[in-house]
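Here is how the chains run, residue by residue.
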Amino acid sequence: MSAHAFPPSPNLALDELVTRRRRAGQPLIHLGFGESRLPVPDFLADRLRTGAARNRYGQIGGESDCREAAAGYFTRRGLRTHAEQVVMAPGSKPVLLALMAALPGAVVLPRPCWVTYEPQARLFAREVVGVSAPPQCGGVPDPDRLVPALRAARRAGLRPRSLVLTMPDNPTGTHAPAAVVRRLAEIAEDWDLLVISDEIYRDILHDPADRVTSPAEYVPERTVVTSGLSKSLALGGWRIGFARFPDTVDGLALQSRVIGLASEIWSSLAGPMQEVAGYALSEPPELRRHLAASTRLHGAVAAAVHEVVAGTGAICRPPTGGFYVYPDLTPLRGRLAKLGIRDSQTLERHLLDRLGVAVLGGHHFGDDPAALRFRAATSMLYGESDEEQWLALESTDPVALPHIERLLDTLSDAFTSLTDHTARPAEKARRSAALHTFC
Ligand SMILES: Cc1ncc(COP(=O)(O)O)c(C=O)c1O
């Protein structure tokens, strides 16, 4: 694929399609966009106002207060870090892009994986080695398949040099247990791979007793961790990302290359955002309370959507982090074929055009296009207005709130109609009425 032929990222393209269709009067439930639909709390808005005075370009890798705060953030998570290891950026997407540019060789990706890794790799003519995720979790290649895949890649003349892990994962909403991460770290060591650990969902673990094990705990000298505030604090539009580089000669040389690229592309993270990031990454109590409430909400709604899809007979890993579910409708293949659904593309189309549910088919995530899988972003169900979203955040039982419950019921009807064709006309009328009320 040449840079001239780059189509827009599928999740952004779907979001724009949904906006156009809604404007044209079509009611839709939008589960297609990986955004946490939550409002900005006052304590963050206040910081942004204070940060308005930071109008200089500033240091390429971030101002020292901001980098110190990021170092503290990692250190509190068991990864001792000093400020010089950190790079701040306008979102983690550009840091990942700069890493793809700075690293030679082929990139190993789990299948499925976030929609952007592969296009970014292709932009720099990097070959991609896809390895399917293990059954119990997404975001990582199955360690049992990784070594044979690396051998095959080498036989084919490729030089795999980096391995991307996503913990927790988009699209599956799950995260790898420590034992799996340890095995992958050992393989990375044996095969001399640099690990890029995308931990942007790290602070959204549904079970407060749970934790993410970073590969940087096992192979710190060969792990770059990327993260940002787009997901945990729902600040995607503010564009705040950061990365932690290994504290080694090679790690800091890689960081210099990334900073060099940054100097030619984004110059620095916007000054007001450095103010926000410095404050947020120091994690004051009000921010931790807000994060805990957001995480409770993500967990409750993801579990409710999981129940809906599992209730139709789909196979689906129970979500453990982030705000996604990734159902597999293979058990329904026979019945879906009667509706003309043969693969993830026709499944995505049917859900959008016939049932008014926008999701992204598994093919966008590098999954087998013949499989009947899709990703649903459950965080889109919290409400359209700030008021509804605050209600959801503050509720002890958000799925019982009328605006969320009605959407879940509508979703349930839509999925039921996939398996029970006879019930469709009555349900269709009910679904359409419910959608008109809420979308
Ligand atoms: C796994 C993953 N990594 C990175 C990003 C990029 O986020 P941002 O550029 O907003 O930091 C996303 C956003 O969807 C994501 O899902």
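Residues numbered from 1 in each chain as written. Predicted model: local features only at pLDDT ≥ 70, side-chain atom pairs only at ≥ 80, totals over all residues. Heavy atoms only, no water.

Caption draft 1: Examining the environment of alanine 414 more closely. Looking at the secondary structure, you find alanine 414 in helix α14 (residues 402–419). Separated by 59 residues in the primary sequence, alanine 414 and leucine 355 have C-alpha atoms spaced 5.9 Å apart. (Helix = DSSP H or I, 4+ residues; strand = E, 2+ residues; numbered from the N terminus.)

Caption draft 2: Looking closely at the nonpolar core. With 47 residues, the main nonpolar core has Leu31, Leu329, Leu351, Leu381 and Leu418 as its most contacted residues. When residues of this core are assigned to domains, at least three map to each of domain 1 (3–40 + 286–438) and domain 2 (42–284). Residues in contact with leucine 418, not counting those within four places in the same chain, are Leu329, Leu336, Leu339, Ile341, His350, Leu351 and Leu355. (Core = buried A, V, L, I, M, F, W, Y, C linked by side-chain atoms within 4.5 Å. Buried < 20%, exposed > 50% of the residue type's maximum accessible area, 1.4 Å probe, protein only. Domains from an automatic or database assignment. Contact = heavy atoms within 4.5 Å.)

Caption draft 3: Geometry of the sheet that holds strand β12 (residues 374–377). The strand order across the open sheet formed by three strands is β9-β12-β11, and the pairing between neighbours is antiparallel. Since the sheet does not close on itself, it has two edges, and those belong to β9 (324–325) and β11 (360–361), each with one partner. The pairing of β9 with β12 spans two bridges and is classified as antiparallel. Among the inter-strand pairings, tyrosine 324 is bridged to a residue of β12, identified as alanine 377. (Pairing = 2+ DSSP bridges.)

Caption draft 4: Representation of the pairing of strand β6 (residues 194–198) within the structure. Within β6, five of the five residues are buried, leaving the element largely enclosed by the surrounding structure. Burial along β6 is two-sided: the face carrying Leu194, Ile196 and Asp198 and the face carrying Val195 and Ser197 are both buried. As defined by bridge partners, strand β5 (residues 160–166) adjoins β6 across five bridges and the pair is classed as parallel. Bridging across to β6, leucine 163 finds its partner in valine 195. In this region the chain leaves β5, passes through helix α7 (residues 178–190) and returns to the parallel neighbour β6; the handedness of that crossover is right-handed. Two elements, β6 and strand β7 (residues 223–228), share four bridges in a ladder whose sense is parallel. Bridge pairing links serine 197 to valine 225 in β7. (Right-handed = clockwise from strand over helix to strand, strands pointing away.)

Caption draft 5: A look at helix α2 (residues 42–51). Listed in full, the buried residues belonging to α2 are Phe43, Leu44 and Gly51. For α2, the angular spread of the buried residues around the axis is 100°, confining them to a single face. α2 presents Asp42 and Arg49 as exposed residues on the side facing more than 90 degrees away from its buried surface. For α2, the secondary structure elements touched by its buried residues are α9 (271–280) and α10 (285–311). (Arc of directions from axis to C-beta.)

Caption draft 6: Geometry of the domain arrangement of the chain. Domain annotation for the chain reports domain 1 (3–40 + 286–438) and domain 2 (42–284). Spacing between the C-alpha centres of domain 1 and domain 2 amounts to 27 Å. Contacts between domain 1 and domain 2 engage 35 residues on the former and 42 residues on the latter. Together domain 1 and domain 2 conceal approximately 3,200 Å² of surface at their shared face, both sides included; 61% is due to carbon and sulfur atoms. On the domain 1 side of the interface with domain 2, the three residues burying the most area are Val40, Leu287 and Arg317, jointly 23% of the side's total. (Buried area = accessible area lost by both parts, 1.4 Å probe.)

Caption draft 7: Fine view of the packing of aromatic side chains. All told, the structure shown has ten aromatic pairs when counted by the stated rule. With a centroid separation of 5.6 Å and 85° between ring planes, the pair formed by tyrosine 73 and phenylalanine 242 is classed as edge-to-face. Remark: phenylalanine 242 occurs in strand β8 (residues 241–244) and tyrosine 73 occurs in helix α3 (residues 64–76); sequence separation between them is 169 residues. With a relative accessible area of 4%, tyrosine 73 lands in the buried category. Assessed through its relative accessible area of 1%, phenylalanine 242 is described here as buried. Feature note: the residues Tyr73, Phe74 and Phe242 constitute an aromatic cluster, connected by ring pairs. One cation-aromatic arrangement involves arginine 77 over tyrosine 73; the distance from NZ or CZ to the ring centre is 3.7 Å. (Phe/Tyr/Trp six-rings, centres within 6.5 Å; stacked < 30°, edge-to-face > 60°. Lys NZ or Arg CZ within 6 Å of the ring centre and 35° of its normal.)

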